[in-house]
Amino acid sequence: MKKHFLYIKKVERYLDEKDFDSPILKENGITGGDTFAVETNGESSGHEAFHAFDGDKTTTWYATQKPADFIFYNPEPLKVTKLEWLYIIAYPYGGYNPSQLIVYGSDNKMTWEFLTDTFTDDGKITVDLSNNAKFYHYYKIHLIQNTASNTGENIRELTIYGREKIDKKVIVPKTYAKVEYVPKFYKYQYQDFVPPKLTDYKDGNNFSVYWEGSGGYGDYAWKMFDGNPSTFGRGKNSSPPPIVIYNHYPLKITRLSVQNISDLRFGALVFKILGSNDGVNFTEVQTFTGIQQIRNYELVLNEVTNKNYYKYYQFYLSNNFGICVQEITITGQERYSVDATAEDYDYFINIPKVKLFNNNEEEEWS
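Residues numbered from 1 in each chain as written. Predicted model: local features only at pLDDT ≥ 70, side-chain atom pairs only at ≥ 80, totals over all residues. Heavy atoms only, no water.

Caption draft 1: Focus on the overall build of the protein. A count of helical and extended segments in the protein gives zero helices and 24 strands. Classification of the 366 residues of the protein by burial places 46% in the buried group. Long-range contacts, defined as pairs at least 24 residues apart, comprise 77% of the intrachain contacts of the protein with a sequence gap of at least 6. Of the roughly 18800 Å² that the protein leaves accessible, carbon and sulfur atoms contribute 47%. (Helix = DSSP H or I, 4+ residues; strand = E, 2+ residues; numbered from the N terminus. Buried < 20%, exposed > 50% of the residue type's maximum accessible area, 1.4 Å probe, protein only. Contact = heavy atoms within 4.5 Å. Areas by Shrake-Rupley, 256 points an atom, 1.4 Å probe, with all protein chains shown as cover.)

Rendered as C-alpha cells:
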C-alpha cells in the first residue's frame, strides 16, 4: 500500500483570511451572487429565511414542513467552526428546538459533504464544527425533526463562527507545492446494542425516534421505547408513515420485537425494514409479508437477515387503519471506530499535508 503521493504544480495562493462577522439581512438575497444570502425549501409569510439573520430576537425563520433545509451562502469561502441559534418553545414538553439534524458543506450546492449530526441544546442550539478543516461557499442545516412532532422548524438569531478567505490572491512565480498524503488508520470495534428507555424523542445524541402524526393524544413516538407496557405510540389514522429511528453508532439489527400492535384487522400485514447512513437515501433491508392478525399480541421478527450497519432505520407497517404500538425492542450490534496502526486496521483516511517551495525555501502551508 502506498502511504503517500507526491505531485508538484504551480499554485494560486490566498494571501490572507479573517474572522467572519455574521451579517444583518433585510431580504433573502440570491445564493451564488456577490453578497451573503440565504434560501430554504420552506418558509411561511412573515417568517422568511432572512429573519434568522435580521438582528431582531422577536422574528424567526419558520417552515411548516419537515424535514426542512436552511442554506446560507457567502461569495468568499467560509470555514465554519461553530453555529448557534435561539428558538421558540411552543409547549412545555418541547417545540421548535431540533431533536435531529445534519450539517453539510458544499462549493456548488449540488454535491454536499457531511460535517456533523451532533449538537447540544441548553436553551440555545450549539453545533460544534471545530473539526471542519475546509472552506465552503454553501452550508446546509438539514432539520429532520424537532421535539414536538406537531410543530414546524424554527431558527431565531443564527450566529456563524469561523474564518473567511479574503478575495485577494496572486499567482506567485516559481512557487510550487508538494502534497503528501499521510494515512490515519482506524479499526472497527463492536458492542451489543443496549435498548434505550426514552423519556423524550431523543436520548442525548445517541438515539432518537420519529413517527409522523404521533403525539395528538399524548401517544408520542418515544413511548414505544419507554419500557412501560401501559403506554404506546400512534401513527396517523390512514396509510401509516414509517417509524424512523436514529442511533449514534451504525447499528446492525438482528431481531425485532414489536408488542401490542392494534387495529390490524383488515388483511395480512407487510412489515418492511429499510436502512440508511445519511438519513436521506434508504436501502431495503428485509420485507416480511403475509403476517396474519396480531391484534393485542407481540410480533417477533427473529429472522432479520441484515448484514449491514446503519445509523437510520425505517419500519413500515402496511395497513390502512390507525396503528398503535406499545413497545419496540431491538436486538443487534453497534459498530464504532478507534485509532489503529498500519499493521492492524480496517480502513484509513488520507490526511493531506502541503508544503510550498519558493526560491528553494521550504514552507509549511495548510
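We are not done yet, so read on.
Caption draft 2: Region of the structure containing the side chain of S276. You can see S276 is positioned in strand β17 (residues 269-276). Only 3.0 Å separates the side chain of S276 from the backbone nitrogen of G279, close enough to count as a polar contact. Apart from residues lying up to four places away in sequence, S276 is in contact with N281, F282, Y310, K311 and Y312. (Polar contact = N/O pair within 3.5 Å; in protein donor to acceptor, adjacent residues only side chain to side chain.)

Caption draft 3: Summary view of unusual backbone geometry. Phi at K109 is positive, roughly 65°, even though this residue is not glycine. Despite not being glycine, E157 shows a phi value in the positive range, around 60°. Among the structural elements, E157 can be located in strand β11 (residues 153-165). We classify E157 as buried; its relative accessible area is 19%.

Caption draft 4: The arrangement of the packing of aromatic side chains in detail. Evaluation of the coordinates by the stated rule reveals 23 aromatic pairs. Ring geometry for F53 against F72: centres 6.4 Å apart, planes inclined by 75°, an arrangement best described as edge-to-face. Pair noted here: F53 is in the loop between β3 (37-40) and β4 (61-63) and F72 is in strand β5 (residues 68-86), with a separation of 19 residues, a long-range link. Both residues of the pair, F53 and F72, belong to the buried class. A centroid spacing of 5.4 Å and a plane angle of 15° characterise the contact between F72 and Y139, whose relative ring orientation is stacked. Taken together, the residues span a long stretch of sequence, with F72 in strand β5 and Y139 in strand β10 (residues 136-146) at a distance of 67 residues. (Phe/Tyr/Trp six-rings, centres within 6.5 Å; stacked < 30°, edge-to-face > 60°.)

Read these as spatial facts, not as claims about activity.
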